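Per-entry structural report
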Protein chains: 2
Amino acid sequence: MNLSIAEENHIKSIYKLQEGDAVVTTNALAYELDTKPASVTDMAKKLKEKKLIEYEKYKGITLSADGRKAALQIVRRHRLWECFLVDKLLFSWEEVHELAEELEHVRSEKLTNRLSEFLGNPVIDPHGDPIPDANGKLVKPRPQTSLDQANAKRLVVTAVTDQSTALLAFLNAKGIKLGTQLEIIAHYEYDNSIEIKVKGQSPITISEQVAKNIMVRPL
Amino acid sequence: MNLSIAEENHIKSIYKLQEGDAVVTTNALAYELDTKPASVTDMAKKLKEKKLIEYEKYKGITLSADGRKAALQIVRRHRLWECFLVDKLLFSWEEVHELAEELEHVRSEKLTNRLSEFLGNPVIDPHGDPIPDANGKLVKPRPQTSLDQANAKRLVVTAVTDQSTALLAFLNAKGIKLGTQLEIIAHYEYDNSIEIKVKGQSPITISEQVAKNIMVRPL
DNA sequence: TTTATTATTTAGATTTGTCTAAATAATATT
DNA sequence: AATATTATTTAGACAAATCTAAATAATAAA
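Below is a summary of the structure that appears in this document.

With that settled, the discussion passes to the relation of the copies chain A and chain B. By a simple turn and slide, chain A fits onto chain B: the slide is 0.0 Å along the axis, the RMSD is 0.2 Å, and the turn is 180°. Within this description, the copies of the chain are treated as partners about a two-fold rotation axis. Taking C-alpha positions as reference, the residue of chain A nearest the rotation axis is L103 of chain A, located at 3.5 Å. Counting the interface residues of chain A, we find that 100% of their copies in chain B are interface residues as well, pointing to one common contact surface.

Listed below in structure tokens is the structure:
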């Protein structure tokens, strides 16, 4: 099955929004891909034709088994390139997403597997996300919640779900990265903010919005 | 100036066919790009509009200063990726051209320069072709001729101009690679073949057609 | 349960890059 | 120089991926 870049991007976004097995709506997908709902409908028809998604009009989209397989291949390539960029070319955490977005579309299994080997077959990428293996198997990520819903007080940052340059740069500025230890001091409902103390720094306040994208596990 | 992949491929092929400053014909370019002359004419109009080429109808194509600059950037990326694939991912000589053809279109100067650094700023690629530096400067390649026109008897292979998988695999099978030493035993005009002896092997016969693509310098 | 709102799809247009077939220009041959 | 051949361009079409505007379906509100 030979997918175009546009098709791959749709598959990847459906995979991302599905999170388990939820149905993905036309609007959500259009927003994620920075495109228009009408365009998503067009593409949905094509991907259904290719049996990569389940789709009935007005009923939303889910990946088929083949679609999931394709998505995992793309995700694998993306995360391996991110590793390469950070580990070998010394890019920083927040710079690599856009570049990996392009490199991921070079569809060569041999290249992907050689790259993985070269990097020492890593199992998580620089953002803490697990890397599917050559067969598309994904190791279960360790138990984690988003920072806004954490109940334990002492936590470690394990991943960042939104990889926009803006957020990553913001976190960088605040001294928050993978493995950073922090404590929740207070959660202010009335203005949706959270006061935290990053290890070795004075306390700071962040919005719930930001906290939603920071995944943590109990220390 | 943001170029599409199609535009980049045209620029690159014009650069390749120009060899110095020769005018490139529509037909030659169509053949090189495995497309049709009419398509080349269409693209020529667009590239002229963007001031990347000099073009008057029926008069052929040459690169403008800007076009040459763009071409050298693409060639730089292509050759650096070839180095990476061979040196780091242990691909063989003849496998890397197609992959580099895709990787070269990731247009990030920062990535290109980091990659170059990571590789130790190489100045020639695995096929023996020089790599333009970050400013597009190309070190003059050592004096070389194609094998079919060589006058010295003892020679060293310095480059291969046609990088089709077929030819490279053929040469590999014959034990010919960069740096291989060989002697010309005889040049048969009547059937356009050349008998050569590769160092450490028994003499073999190759066609002039193949010899044209093997660049050599006197030992 | 009507009505209003929101989500989704359809219809038709646009851009990019390509093609074929026909027309025209340049070059080679007699 | 006239004619044949080859090279190039034009005209018109097509597929992919997108868009806008209008129509329709699903859902929420009154």
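Moving on from the model shown.
Residues in contact with DNA strand C amount to 21 residues; listed here are only the nearest, Y55 of chain A together with S4, T35, S39 and K46 of chain B. In the interface set of DNA strand C, defined as its atoms within 4 Å of the protein, sugar plus phosphate atoms amount to 76%. Within the side chain of K57 of chain A, one N or O atom sits 2.8 Å away from a phosphate oxygen of DNA strand C. One nitrogen or oxygen atom from the side chain of D42 of chain B is found 3.2 Å from a base nitrogen belonging to DNA strand C. Mapped by element, the contributors of at least two residues to the surface near DNA strand C are α2 (26-32) and α3 (37-49) of chain A together with α1 (5-18) and α3 (37-49) of chain B. Looking at side-chain class alone, the surface near DNA strand C contains eight nonpolar, eight polar and five charged residues.

This next bit is on the sheet that holds strand β3 (residues 145-146) of chain A. Residues and elements named next belong to chain A. Here we have six strands laid out as an open sheet, ordered β3-β8-β4-β5-β6-β7, and antiparallel in their pairing. Among the strands making up the open sheet, the edge pair consists of β3 and β7 (204-207). Sheet topology places strand β4 (residues 154-160) next to strand β8 (residues 214-218); five bridges connect them, and they run antiparallel. Within β8, the residue paired with V157 across the bridge is V216.

Attention shifts here to the packing of aromatic side chains. Taken as a whole and assessed by the stated rule, the structure comprises nine aromatic pairs over all chains. Taking 4.9 Å as the distance between ring centres and 55° as the angle between the ring planes, the aromatic pair formed by F84 of chain A and F84 of chain B counts as tilted. Of the two residues, F84 of chain A is situated in helix α4 (residues 65-88) and F84 of chain B in helix α4 (residues 65-88); the pairing between them involves two chains. In this structure, F84 of chain A and F84 of chain B share a single accessibility class: buried. Ring geometry for Y188 of chain B and Y190 of chain B: centres 6.3 Å apart, planes at 70°, overall edge-to-face. Judged by relative accessible area, which is 32%, Y188 of chain B ranks as partly exposed. A relative accessible area of 72% means that Y190 of chain B is categorised as exposed. Taken together through their ring pairs, the aromatic side chains of W81, F84 and F118 of chain A together with W81, F84 and F118 of chain B make up a single cluster. Directly above the ring of F118 of chain A sits K88 of chain A, whose terminal nitrogen or CZ lies 4.9 Å from the centroid.

Analysis parameters
Residues numbered from 1 in each chain as written. Chains lettered and ligands numbered in written order. Predicted model: local features only at pLDDT ≥ 70, side-chain atom pairs only at ≥ 80, totals over all residues. Heavy atoms only, no water. Least-squares fit on C-alpha atoms with pLDDT ≥ 70 in both. Contact = heavy atoms within 4.5 Å. Near = heavy atom within 4 Å. Polar contact = N/O pair within 3.5 Å; in protein donor to acceptor, adjacent residues only side chain to side chain. Helix = DSSP H or I, 4+ residues; strand = E, 2+ residues; numbered from the N terminus. Nonpolar A, V, L, I, M, F, W, Y, C, P; charged D, E, K, R; others polar. Pairing = 2+ DSSP bridges. Phe/Tyr/Trp six-rings, centres within 6.5 Å; stacked < 30°, edge-to-face > 60°. Buried < 20%, exposed > 50% of the residue type's maximum accessible area, 1.4 Å probe, protein only. Lys NZ or Arg CZ within 6 Å of the ring centre and 35° of its normal.

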